[in-house]
Amino acid sequence: MQDSPRAQQIRQAHATLIHLVVQACQNPQSRQELEPVLEQAIQGGWTDLVARIRQVLDGQRDPSLLNGLDEEDSAILSSILTGLHDPATLPDPNQTADAAQAAPGLAQMIHGASRGDPQSLHWLSQMAEQMTRAGGDMARLGGITKRLVDGERDPEVLCQGMGPQGESLVQSILNELGKLERH
């Protein structure tokens, strides 16, 4: 079964969490490293996902664990279960997301955060922090996420100091936000 582009994007965005869970399943001593991440996820509103992850950590592998989860939680948990069976399927935590695929996901998080969704705000802030560390246009994009959440939509303002690729990504995000805001 081939993942949808959205599921692939979700898996890539949460590659570090997915790897930490798989690692903790294979090596119980590494569970200490995972616990603060799970606690932070609970604070971000991911109680259902964390409850299911804890079941996986306790040895459950049944696909019924996916029942009732939303698209994002399901993609993450499915990747964990598949990765336990076949580590070659795990997303690469060092790979940066394809900019064309990143725009819809970033726009979704920005849209959710601007409406006060704590989960979106949590993950967007984590992504912004990672982008800022990446340097270049990614760092600039990480730096403008708050402006986007606060409603700034002027590409001239948002793209200051960016190269063509950064400008293209910002424009794609603005286009996706436009679609979301019309609905």
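Placed above this text is the structure.
Reference entry: report on the structure contained in this document. (Residues numbered from 1 in each chain as written. Predicted model: local features only at pLDDT ≥ 70, side-chain atom pairs only at ≥ 80, totals over all residues. Heavy atoms only, no water.)

Re the pattern of salt bridges
Counted by the stated rule, this structure contains seven salt bridges. Across the pair Arg31 and Glu35 runs a salt bridge whose closest N-O atoms are separated by 3.7 Å. With a gap of four residues between them, Arg31 and Glu35 both fall in helix α3 (residues 31-43), about one helical turn apart. What makes Glu35 partly exposed here is its relative accessible area of 24%. Glu176 serves as the salt-bridge partner of Lys179, at 3.3 Å between the closest nitrogen and oxygen. Of this pair, Lys179 and Glu176 both sit in helix α10 (residues 164-182), three residues apart, which is roughly one turn of that helix. Classification of Lys179 as partly exposed rests on a relative accessible area of 40%. Because the salt bridges share partners, they merge into one network encompassing Arg31, Glu35, Glu39, Arg54 and Asp58. (Salt bridge = Lys/Arg side-chain N within 4 Å of Asp/Glu carboxyl O. Helix = DSSP H or I, 4+ residues; strand = E, 2+ residues; numbered from the N terminus. Buried < 20%, exposed > 50% of the residue type's maximum accessible area, 1.4 Å probe, protein only.)

Spatial relationships are all this shows, so hold off on functional conclusions.
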